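# Reading the structure
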Amino acid sequence: MSNHYEVRYAASPKHVKAYDTETLRDEFLIQDLLMPDKLKLVYTHYDRYIVGGVVPVKKSVKLETIDPLKAEYFLERRELGIINVGGNGTVTVDGFVYKLGYKDALYIGRGNENVTFSSDDAAKPAKFYLNSTPAHKEFPTKKVSKEDAEVVEMGSLETANARTIRKLIVNSTVDTCQVQMGMTELNTGSVWNTMPAHVHDRRMEVYFYFEVPEDQAVCHFMGQPQETRHIWMANNEAVISPPWSIHSGSGTSNYTFIWGMAGENLDYGDMDHCKISELR
Ligand SMILES: O=C(O)C(=O)C[C@H](O)C(=O)CO
Ligand SMILES: [Zn+2]
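The name an unreviewed UniProt entry gives the protein is 4-deoxy-L-threo-5-hexosulose-uronate ketol-isomerase, with Aureibaculum marinum as the organism. Per UniProt, the protein carries the Function (unreviewed entry) text "Catalyzes the isomerization of 5-dehydro-4-deoxy-D-glucuronate to 3-deoxy-D-glycero-2,5-hexodiulosonate." In UniProt, the protein has this text filed under Catalytic activity (unreviewed entry): "5-dehydro-4-deoxy-D-glucuronate = 3-deoxy-D-glycero-2,5-hexodiulosonate".

Right under this line is the structure:
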C-alpha cells in the first residue's frame, strides 16, 4: 500500500486563541506532502476537504481509497483537482491519458475508478499536489493548462504585494461541484499575499507554498481578524485555513502558493475584506 493518510478534526476559534506554537502547527500545518513513490493524504473535517501529494519516481502510483471514505474507490463520491509543481508527468484516468507540465492543472470528476500518476523522467519527477472534496454529481474530466487560466494582477510594489493570480479550476474554466484551485505568484520584491486579508465563512481554504527559495520562509497569518496567529512555513508545505480565519502571508522573499477551497458556493469573489488598520 503506497498510501499514507492522517485525519485532522475541525477546531473552534474560541479554542484556537489558546493554542501554543506546537498545537497550532499540529492542527493546521501539513508537512511531507511530496514524498517519492508515496501518496500522502490528509483528510480534514473542514468541508471534508482532502489535501494530498505524490511524486512518482521509480514507478507509477495509484490513487487508492482510504478507510475514512468507506468507499470502493477514491472518487466514488468525490472529485479531485491536481496541479503539477514538478517535471512533466502523466495522470491516467480510467484509460485516458493527460499530460501535465509545470503549473498545469487537471480536474477529475466523480465516478472515475482508476487514477494513476507517473513521471516522464525519474531524474526530474512530476510533483502532483491534490485537493479533493465530496461531489454530488459527475462532471467531465478536464485539463486546464497554465495558459488557460483566468489571470488577474493584484497589489503593487509600493505595498509589497504585487502578484499574479492564476485561477485554474474555477467556474469560468471548468464545471465542478465544490472544489476551486489556482495559484498566486508574488512578483520579485513583493512578499505579502492576500493583504488586505479576508475571511469567507462560507468556504474553508488550504494554501500550499512552493517556489520558496532555499533558506527562506513564509510567515502565514491565520485566526479571526482581531485575534491573529502565525505559522512559519517552509517550501512545499500546506496550511489549513478554517472558514472563520484570515489566510495571508509574508515571505522573506517572493514565492508562489496554490490556494484551494470548498464550501457553500463557487463564487471566488465572495470574500469579507478586513481593514488592515483593524487587524490585531
Ligand atoms: O493573493 C491573493 O490575494 C490570493 O491568492 C487570494 C486567494 O486566492 C484566496 O484567498 C481566495 O479566497
Ligand atoms: Zn480566501
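## Digging into the overall build of the protein
Counting its secondary structure elements, the protein contains 2 helices and 24 strands. When its C-alpha atoms are laid out on the principal axes, the protein stretches across 55 × 35 × 35 Å. For the protein, buried positions account for 44% of its 280 residues. Restricting the contact set of the protein to residue pairs at least 6 apart, pairs at least 24 apart contribute 73%.

## Topic: the sheet that holds strand 16 (residues 192-193)
Strand order in the open sheet formed by 4 strands is 16-22-19-20, with antiparallel pairing between adjacent strands. In this open sheet, the two edge strands, each paired with only one partner strand, are strand 16 and strand 20 (227-233). As judged from the 4 bridges shared by strand 19 (residues 218-224) and strand 22 (residues 248-251), these two strands associate in the antiparallel manner. Looking at strand 22, one finds that V218 is bridged to G251.

## Section: the UniProt feature "binding site: Zn(2+)" (unreviewed entry) in the protein
When the UniProt feature table is mapped onto this chain numbering, "binding site: Zn(2+)" (unreviewed entry) sits at H198, H200, E205 and H247. On the basis of their most widely separated C-alpha atoms, the annotated residues across 50 residues gather in one place, lying no more than 11.5 Å apart. Mapped onto the elements, H200 comes out in the loop between strand 17 (198-199) and strand 18 (203-210). Discounting chain neighbours no more than four positions away, the residues touching H200 are P243, D270, M271 and D272. Residue placement: H247 occurs in the loop between strand 21 (237-241) and strand 22. Every residue in contact with H247, bar those within four places of it in the chain, is listed here: T194, E205, Y207, M222 and S241.

## Overview of the environment of L168
Considering the arrangement of structural elements, one finds L168 in strand 14 (residues 163-169). Here L168 falls in the buried class, since 28 other C-beta atoms lie within 10 Å of it. Not counting chain neighbours up to four residues away, the residues in contact with L168 comprise I83, A105, V144, A149, T173, M181, G182 and M183.

## Topic: the site of ligand 1
Every residue near ligand 1 is listed here: M154, R163, I165, T184, N193, T194, E205, H247, W259, M261 and M271. Going through the elements one at a time, strand 14 and strand 23 (256-263) are the ones with two or more residues in the shell around ligand 1. Across the shell around ligand 1, the residue classes break down as 5 nonpolar, 4 polar and 2 charged.

## Observations regarding the sheet that holds strand 4 (residues 50-54)
Taken in spatial order, the 7 strands make up an open sheet running 1-3-4-11-6-9-12, and their pairing is mixed. Bordering the open sheet on either side are strand 1 (3-8) and strand 12 (142-144), each of which pairs with just one other strand. Within the sheet, the average angular offset between the axes of one strand and its neighbour, ignoring direction, is 15 degrees.

## A short note on the pairing of strand 3 (residues 39-44)
Here strand 3 lies mainly inside the structure; 5 of its 6 residues are buried. When strand 1 meets strand 3, the two strands line up parallel, connected through 6 bridges. Each residue of the ladder has a partner; that of N3, found in strand 3, is L39. Taking the residues between adjacent antiparallel strands as the criterion, strand 3 and strand 4 are bridged by 5 residues, where D47 takes a positive phi near 50 degrees.

## Observations regarding the nonpolar core
Counting 69 residues, the largest nonpolar core has I83, F208, Y209 and F257 as its most contacted members. Considering every element that reaches this core, the biggest residue donor is strand 18, with 6 residues.

## What about the environment of T176?
Residue position: T176 is located in the loop between strand 14 and strand 15 (180-186). A sequence separation of 35 residues divides T176 from T141, and the C-alpha atoms of the two residues are 9.5 Å apart. If we skip the residues at most four places from it in the chain, T176 touches E79, Y107, F139, I169 and L266.

## So, unusual backbone geometry
The omega torsion of the bond from M195 to P196 falls at 5 degrees, within 30 degrees of zero and hence cis. You can see P196 is positioned in the loop between strand 16 and strand 17. Backbone geometry at D94 places phi at a positive 45 degrees, although glycine is not the residue there. A positive phi is found at E211, a non-glycine position, where the angle reads about 55 degrees. Position of E211 among the secondary structure elements: in the loop between strand 18 and strand 19. Residue classification places E211 among the partly exposed residues on the basis of 16 C-beta atoms within 10 Å.

Criteria and cut-off values
- Residues numbered from 1 in each chain as written.
- Chains lettered and ligands numbered in written order.
- Predicted model: local features only at pLDDT ≥ 70, side-chain atom pairs only at ≥ 80, totals over all residues.
- UniProt positions renumbered as here; feature names shortened; annotations may be inferred.
- Helix = DSSP H or I, 4+ residues; strand = E, 2+ residues; numbered from the N terminus.
- Buried ≥ 20, exposed ≤ 12 C-beta atoms within 10 Å, placed from the backbone.
- Contact = placed C-beta atoms within 7 Å.
- Pairing = 2+ DSSP bridges.
- Near = placed C-beta within 6 Å.
- Nonpolar A, V, L, I, M, F, W, Y, C, P; charged D, E, K, R; others polar.
- Axes fitted to C-alpha atoms, helices over the stretch in contact; angles between N-to-C directions.
- Core = buried A, V, L, I, M, F, W, Y, C linked by C-beta atoms within 7 Å.

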